[in-house]
Amino acid sequence: MPSSWGKIFKVSTFGESHGEAVGVVVEGVPAGIPIRLEEIQKDLNRRRPGQSKLTTPRDESDTVRVLSGVFEGKTIGSPIALIVNNQNTISKDYENLRETFRPSHADYTYQTKYGFRAHVGGGRSSVRETIARVAAGAIARMILEDDLGVKTVAWVDTIGTISSEIAENNYPKTREEVDVNEVRCPDTQAADKMRSLILEMKEAGDSVGGIIRSASYNLPPGLGDPVYDKLDGDIAKAILSIPACKGFEVGSGFSGTLLTGSTHNDEFYVEEGSGRVRTRTNNSGGLQGGISNGETLVVRAAFKPTSTIFKKQNTVNIEGKETTLEAKGRHDPCVLPRAVPIVEAAINLVLVDAYLYQRAMNPQWFQKWAKIPDYYRDLKL
């Protein structure tokens, strides 16, 4: 079962929803980089269950521990191991799923592929696996912010048929703007409607999906590689690997098909003062030919309604016989509010890997575009 990602910044995750713990091993992080544990915990707190009435009531602190790779608050160049213990599992709630498949869930496909599965909590297919990605993504975020000034901010754009009215020139620039409410939608009027809809679905034992939009600011040009390692291709793979994610687009995406080339093309100009090449519009979403062009990276990710609901549904069992299912347990009526930090982490993991690869391939690029933090100077790099 593939559980690794990255060329230089290599991430290997482990653990299941109702196992002892969930964790990650991160390789390829240069020595001497400050690791602020409170920053990792902050990202995990945004993802954790039980944080509001809109999420699953499973009560987990998701407290992270560092097992290796960090000494006196800095990386030492060896693999960094992070772990979060599972503390609030109620496996008996899943006993009726031992031989019955939840509609639209990974139960059937896992059973068919492997011939055996961990039915409690969904095992490896559970969104709880993303703890590892968010923890590793926090390290990636710190490196990107410290070295390049790159900041990725995601937010809930739509829930069901309710859309926010956040214009491109008014995208949130900080996570604090996003966390102004429990929906994680900076458009407070839309957020109120979204909150009501999620609670309505929760009361009805049903679920609802939506779209998350993300913007990565200050991304320098030159990240990503042509053909098979395009940056948008790698980001798409990372985003679509998130549980419940069923759609991805970058820049104008599908709406760009409604435009002509003359209206869609992003015309270049030279920015006065800096001399940088810029674009007057950003329909490309910050990427051209699979390589960053220096503009804001804008992506959207579509999430389906949560598969596990409490309404009676028709299904089949492990013997291939038709039956019905009324699920038990604790589940999100909408994954979107908790998926915001997961989307950010996925993007940051791809960006930091592309950054470290470009830095190794072209040292002159690093000297031009990196801020070169003090800790590099201390190491005389």
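Reading guide: rules and limits
- Residues numbered from 1 in each chain as written.
- Predicted model: local features only at pLDDT ≥ 70, side-chain atom pairs only at ≥ 80, totals over all residues.
- Heavy atoms only, no water.
- Helix = DSSP H or I, 4+ residues; strand = E, 2+ residues; numbered from the N terminus.
- Rg over C-alpha atoms; globule rule 2.2 N^0.38 Å.
- Buried < 20%, exposed > 50% of the residue type's maximum accessible area, 1.4 Å probe, protein only.
- Contact = heavy atoms within 4.5 Å.
- Areas by Shrake-Rupley, 256 points an atom, 1.4 Å probe, with all protein chains shown as cover.
- Lys, Arg positive; Asp, Glu negative; His and termini not counted.
- Charge placed at Lys NZ, Arg CZ, Asp CG, Glu CD.
- Axes fitted to C-alpha atoms, helices over the stretch in contact; angles between N-to-C directions.
- Parallel < 35°, antiparallel > 145°, perpendicular 65-115°, else oblique.
- Left-handed = near helix turned anticlockwise from the far one by under 90°.
- Nonpolar A, V, L, I, M, F, W, Y, C, P; charged D, E, K, R; others polar.
- Pairing = 2+ DSSP bridges.
- UniProt positions renumbered as here; feature names shortened; annotations may be inferred.
- Core = buried A, V, L, I, M, F, W, Y, C linked by side-chain atoms within 4.5 Å.
- 1 Å grid on protein atoms, 1.4 Å probe; cavity = no way out; pocket = protein on both sides within 12 Å on 5 of 7 lines; lining within 4 Å.
- Points joined across faces, edges and corners; volume = space filled by probe spheres on them.

### Considering the overall build of the protein
- Per the secondary structure count, the protein includes 10 helices and 18 strands.
- Taken over C-alpha atoms, the radius of gyration comes to 21 Å for the protein, in line with the 21 Å a tight globule of 381 residues would show.
- In terms of principal-axis extent, the alpha carbons of the protein reach across some 65 × 50 × 40 Å.
- When each of the 381 residues of the protein is scored for burial, the buried share is 52%.
- Put simply, of all contacts in the protein between residues at least 6 apart along the chain, 70% involve residues at least 24 apart.
- Of the roughly 17,800 Å² that the protein leaves accessible, carbon and sulfur atoms contribute 51%.
- Treating the 47 positive side-chain charges of the protein as one cloud and the 48 negative ones as another, the clouds have centres 3 Å apart.

### Notes on the packing of helix α1 (residues 37-47) against helix α3 (residues 130-148)
- Their axes nearest at 9 Å, the elements α1 and α3 cross at an angle of 140 degrees. For the element pair α1 / α3, the angle class is oblique. Between α1 and α3 lies a crossing of right-handed hand. Where α1 approaches α3, its residues E39, I40, D43, L44 and R47 are matched on the opposing element by T130, I131, V134, A135, A138, I139, R141 and M142.
- Residue classes in the contact of α1 with α3 are distributed as 8 nonpolar, 1 polar and 4 charged.

### As for the pairing of strand β3 (residues 21-27)
- For β3, a buried count of 5 out of 7 residues is recorded, marking the element as mostly surrounded by other parts of the structure.
- Where strand β2 (residues 10-15) lies against β3, 6 bridges are found, and the strand directions are antiparallel. The residue of β3 that forms the bridge with G15 is V22.
- Count of turn residues in the β2/β3 antiparallel hairpin: 5 residues.
- Sheet analysis places β3 next to strand β7 (residues 80-85), joined by 6 bridges and oriented antiparallel. The residue bridging V24 from the neighbouring strand is L82, located in β7.

### Brief notes about the UniProt feature "binding site: FMN" (unreviewed entry) in the protein
- Under the UniProt annotation, the feature "binding site: FMN" (unreviewed entry) is placed at R124, S125, S126, G289, K304, P305, T306, S307, T308 and R330. The greatest C-alpha distance among the residues just named is 43.5 Å, and with 207 residues of sequence between them they are spread in space as well.
- Tracing the sequence through the fold places S125 in the loop between α2 (107-114) and α3.
- Classification of S125 as buried rests on a relative accessible area of 17%.
- Once you skip the residues sitting within four places of it in the chain, S125 turns out to touch H105, A106, Y110 and P243.
- Mapped onto the elements, R330 comes out in the loop between β18 (322-325) and α8 (336-361).
- Residue classification places R330 among the buried residues on the basis of a relative accessible area of 18%.

### Thoughts on the nonpolar core
- In this structure, F9, I40, I159, I235, I239, F303 and Y355 are the most contacted members of the largest nonpolar core, which totals 85 residues.
- Aside from chain neighbours lying at most four places away, what touches I239 is C245, F248, A301, V343, A346 and I347.

### Focus: the pairing of strand β17 (residues 313-316)
- Of the two faces of β17, only one is covered, namely that formed by Q313 and T315; the face formed by N314 and V316 stays uncovered.
- By the bridge criterion, 4 bridges tie β17 to β18 in an arrangement that is antiparallel. When the bridges of β18 are listed, V316 appears paired with E322.
- Adjacent in sequence and paired antiparallel, β17 and β18 are bridged by 5 residues, among which G320 carries a positive phi angle near 80 degrees.

### Some thoughts on the layout of surface pockets
- Put simply, the second largest pocket is a space of about 390 Å³.
- Y217, R278, G294, E295 and T296 are, among the 19 residues lining the second largest pocket, the residues nearest its centre.
- Taken together, the residues of the lining of the second largest pocket sort by class into 6 nonpolar, 7 polar and 6 charged.

### Section: empty space enclosed by the protein
- The full count for this structure, using the stated rule, is 2 cavities of 30 Å³ or more.
- Roughly 50 Å³ of internal volume is contained in the largest cavity.
- In this structure, the largest cavity is lined by D43, R46, V134, G137, A138, R141, R175, P341, E344, A345 and N348.
- Looking at the lining of the largest cavity, the elements with two or more residues in it are α1, α3 and α8.
- Of the residues assigned to the lining of the largest cavity, the class counts are 4 nonpolar, 2 polar and 5 charged.
- Roughly 30 Å³ of volume is contained in the second largest cavity.

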